[in-house]
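Now for the letters of each chain:
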Amino acid sequence: MPDLSAYFKLFLELLLSPNGMLTAGAAVAAAWLARLYFKKKRIPGLVVETIPEDTWFVHRDDNRRLSIVIALRLVNKSGREARIRSVRFSGYSAAQEAPPILLEGAQTSAPLPYPKGEQYRAGMEFRIPPYSTQTAWALYVSKSVDLRNRMSAPLTIRSMDGKRTALRVELRRHPWQIALYSAA
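Below is a summary of the structure that appears in this document. (Residues numbered from 1 in each chain as written. Predicted model: local features only at pLDDT ≥ 70, side-chain atom pairs only at ≥ 80, totals over all residues. Heavy atoms only, no water.)

## Topic: the packing of helix 1 (residues 4–16) against helix 2 (residues 18–41)
Applicable threshold: Only the stretch in contact is used when a helix axis is fitted, and all axes are lines through C-alpha atoms; the angle between N-to-C directions ranges over 0 to 180 degrees. Helix and strand assignments follow DSSP, with helices taken as H or I runs no shorter than four residues and strands as E runs no shorter than two, numbered in order from the N terminus. When an angle is under 35 degrees it counts as roughly parallel; over 145 it counts as roughly antiparallel; between 65 and 115 it counts as roughly perpendicular; any other value is oblique. Here, residues are in contact when the closest pair of their heavy atoms is within 4.5 Å. Polar here means any residue outside two lists: the nonpolar Ala, Val, Leu, Ile, Met, Phe, Trp, Tyr, Cys and Pro, and the charged Asp, Glu, Lys and Arg; Gly therefore counts as polar.
Two numbers describe how helix 1 lies on helix 2: the axes approach to 4 Å, and their chain directions differ by 80 degrees. Considered as vectors, helix 1 and helix 2 are oriented roughly perpendicular to each other. Every residue of helix 2 that contacts helix 1 at Leu14, Leu15 and Leu16 is listed here: Pro18, Gly20, Met21 and Ala24. Looking at the contact of helix 1 with helix 2, its residues break down into six nonpolar, one polar and no charged.

Spelled out as structure tokens, the structure:
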């Protein structure tokens, strides 16, 4: 059994030496500078939340692709307008068009409704006025097929001045598709 008190005493002697203090000070300074850098790179005053009931994905049977819809509530708490340049989900850009998605089951077919709010398209400049809240949604199309009912990936929002905000989005398969697959 190792003698923990001896290891602690050795660590304390090393930390209290001139080289130990210099190393600890440099580590604290590096952490502080990194925190300042990442805080400066964030979009000031922008709070981004997903709307869980309008955020979903489906596996499309017609083109064998995954369609992902992400609905966002964007709250601008700053005194200046937030201008969004791009919204990327796991490296994918938003689709230009939102074609109708038709789920086909054994005896039924149902078109999926898109969320309420403005659709964000790739290359579109999206503006959020000061002290306001907006709802927007974006459609992403992936060539990979995911057979699970849940997935998670990062969403990155970049502004016109190069700042960014990121969050992790938890997605579930659309309940209508789950019901169609379980009925088949």
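## Some remarks on the packing of aromatic side chains
Geometry of an aromatic ring pair is reported as the spacing of the ring centres plus the angle between the planes. We count it as follows: Working definition: rings of Phe, Tyr and Trp (its six-membered ring) pair if their centres are within 6.5 Å, and the pair is stacked with planes under 30 degrees apart, edge-to-face with planes over 60 apart, and tilted otherwise.
Summed over the entire model, instances satisfying the criterion amount to three aromatic pairs. With 4.9 Å between their ring centres and 10 degrees between their planes, tyrosine 114 and tryptophan 137 make a pair best called stacked. Here tryptophan 137 lies in strand 9 (residues 132–142) and tyrosine 114 lies in the loop between strand 6 (109–111) and strand 7 (118–120), a separation of 23 residues in the sequence.

## Quick notes on unusual backbone geometry
Put simply, the rule reads: For the exposure calls, accessible area comes from a 1.4 Å probe over protein chains only, and a residue counts as buried if that area is under 20% of its type's maximum, exposed if over 50%, partly exposed in between.
Positive phi outside glycine occurs at serine 90, with the angle close to 50 degrees. Along the polypeptide, serine 90 turns up in the loop between strand 4 (82–89) and strand 5 (102–104). One non-glycine residue, tyrosine 131, adopts positive backbone phi at about 50 degrees. Mapped onto the elements of the fold, tyrosine 131 is located in the loop between strand 8 (126–128) and strand 9. Under the relative-accessibility criterion, tyrosine 131 is labelled exposed at 63%.

Geometric descriptors of this kind do not, in isolation, establish any biological role.
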